[in-house]
Amino acid sequence: MPSLSNVAAQNLQRLIADGTYAAGNALPSQRELADTLGISRASLREAISMLEALGLVRSHPGKGVFVTAGTARDDRDLPANPAGMRPEAIFQFRFVLEPAAASLVAADPRSNVDELRAIQSRLEAALHAFDLVTAAECDMEFHHAIARQSSNEVFASVLRQYETQVAYSLQLPFANTRGIWDTADEHRNIIDAIAAHDPAAARQAMQTHLLRAAGRVGIHFYQP
């Protein structure tokens, strides 16, 4: 079930898409928005943080939150991670963890490819609708499913522990509207490798996905 902050992000995304909050204009105050959406200010801040990572709004301290949908974002001006960790560090962490998890899933003859394909279908439907909030949620669900299916409870636990940080790194590439389908294409390659029970190919597909996702927002990191 989506969190209150994700529901709020979905509602704000819709209001931006229908022109209620037009590009270049400031959003109403947090008090007014929280009252309108029927949520706490804490949940509203989480929603705005998500929309900022997705490239739909931008916070300017002392001035407010402005709608930026459709405006290209400078790779050197990424929004702050709500957990305070560098995006390079998050991608590097994921590069160590997730290819190994994908390899383990591919090596397991009991791996549930149907679950991954169902998530992929929802991701693609969201992208067709240009629903970046739902697309990001499906992206997170996909990576959780691989960690869980690895049968290594530590992988799954660590990903849950750092879900806020990982979700932020997943959201950033969607702000590059020219490449929003790249995530779906890369996920499909991972699924194909898992379906073929090819651990080496699954590892490579996940590594390629993470490197390209980081590259889409100008992030580069040492590959251990």
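It should be emphasised that the depicted structure is a prediction, and the values quoted were computed from it without experimental measurement.

**Some points on the confidence of the model for the protein chain**
Part 1: With 97% of its residues at a pLDDT of at least 70, the protein chain reaches an overall mean of 92.
Part 2: Mean pLDDT per element in the protein chain: helix α2 (residues 30–37) is the minimum at 89, and helix α5 (residues 113–128) is the maximum at 98.

**Focus on the pairing of strand β1 (residues 57–60)**
Part 1: Direction of pairing for β1 relative to strand β2 (residues 64–67): antiparallel, over a ladder of four bridges. Looking at the pairing, Val57 lines up with Val67 of β2.
Part 2: Count of turn residues in the β1/β2 antiparallel hairpin: three residues, of which Gly62 carries a positive phi of about 85 degrees.

**Let's talk about helix α3 (residues 41–53)**
Part 1: Here α3 spans 18 Å end to end across 13 residues, near enough to the 18 Å set by a 1.5 Å rise per residue.
Part 2: By the burial criterion, the buried members of α3 are Ser43, Leu44, Ala47, Ile48, Met50, Leu51, Glu52 and Ala53.
Part 3: Positive backbone phi, approximately 85 degrees, marks Gly55, located one or two places after α3.

**Quick word on the pattern of salt bridges**
Part 1: This model, assessed by the stated rule, comprises nine salt bridges.
Part 2: Between Glu115 and Arg148 there is a salt bridge, with the nearest N and O atoms lying 2.2 Å from each other. Highlighted residues: Glu115 in helix α5 and Arg148 in helix α6 (residues 132–149), separated in sequence by 33 residues.

**What about the nonpolar core?**
Part 1: Residues Ile146, Phe174 and Ile194 are the most contacted members of the largest nonpolar core, which totals 71 residues.
Part 2: With ten residues, α6 is the largest single contributor of residues to this core.
Part 3: With residues up to four places along the chain from it excluded, the contact list for Ile146 reads Ala101, Ala102, Val105, Leu116, Ile190, Ile194 and Met206.

**Observations concerning the side chain of Gln207**
Part 1: By the secondary structure assignment, Gln207 is in helix α10 (residues 199–215).
Part 2: Excluding residues that lie within four positions of it along the chain, Gln207 makes contacts with Phe95 and Pro99.

**Quick look at the environment of Asp185**
Part 1: Relative to the helices and strands, Asp185 is located in helix α9 (residues 180–195).
Part 2: Considering only alpha carbons, one finds Asp185 and Glu124, 61 residues apart in sequence, at a separation of 9.5 Å.

**Some points on the packing of helix α4 (residues 87–107) against α6**
Helix-helix packing is described using two parameters, namely the angle between the two axes and the distance between the axes.
Part 1: Contact geometry for α4 and α6: axes closest at 8 Å, N-to-C directions at 60 degrees. Between α4 and α6, the crossing angle belongs to the class labelled oblique. Judged by the twist between their axes, the crossing of α4 over α6 is left-handed. In this structure, α4 contributes Arg94, Glu98, Ala101, Ala102 and Val105 to the contact, and α6 contributes His143, Ile146, Ala147 and Gln149.

**Things to note about unusual backbone geometry**
Part 1: Non-glycine residue Ser151 carries a positive phi angle of around 65 degrees.
Part 2: Take Ser151: it is sitting in the loop between α6 and α7 (153–161).
Part 3: Even without being a glycine, His197 presents a positive backbone phi close to 50 degrees.
Part 4: Looking at where His197 falls in the secondary structure, it is placed in the loop between α9 and α10.

**Description of α6**
Side chains of residues three or four places apart in an α-helix project in the same direction, reflecting 3.6 residues per turn.
Part 1: Counted at 1.5 Å a residue, the expected span for α6 with its 18 residues is 26 Å, and the 25 Å between its end C-alpha atoms agrees.
Part 2: Judged by how many residues are buried, α6 sits mostly within the fold: 15 of 18 residues are covered.
Part 3: Backbone geometry just downstream of α6 places Ser151 in the positive-phi region, at approximately 65 degrees.

**So, the packing of aromatic side chains**
Part 1: All chains considered together, the criterion is met by three aromatic pairs.
Part 2: Plain terms: the ring middles of Phe91 and Phe221 are 6.5 Å apart, the flat faces sit at 10 degrees to each other, and that makes the pair stacked. Of this pair, Phe91 sits in helix α4 while Phe221 sits in the segment after α10; the two residues are 130 residues apart in sequence, bridging distant segments of the chain.
Part 3: Phe91 sits in the buried class, given a relative accessible area of 0%.
Part 4: On the basis of an interplanar angle of 55 degrees and a centroid distance of 5.6 Å, the ring pair of Phe93 and Tyr162 is categorised as tilted.

So, how was this worked out
Residues numbered from 1 in each chain as written. Predicted model: local features only at pLDDT ≥ 70, side-chain atom pairs only at ≥ 80, totals over all residues. Heavy atoms only, no water. pLDDT = per-residue confidence, 0-100. Helix = DSSP H or I, 4+ residues; strand = E, 2+ residues; numbered from the N terminus. Pairing = 2+ DSSP bridges. Expected span 1.5 Å × (residues − 1). Buried < 20%, exposed > 50% of the residue type's maximum accessible area, 1.4 Å probe, protein only. Salt bridge = Lys/Arg side-chain N within 4 Å of Asp/Glu carboxyl O. Core = buried A, V, L, I, M, F, W, Y, C linked by side-chain atoms within 4.5 Å. Contact = heavy atoms within 4.5 Å. Axes fitted to C-alpha atoms, helices over the stretch in contact; angles between N-to-C directions. Parallel < 35°, antiparallel > 145°, perpendicular 65-115°, else oblique. Left-handed = near helix turned anticlockwise from the far one by under 90°. Phe/Tyr/Trp six-rings, centres within 6.5 Å; stacked < 30°, edge-to-face > 60°.

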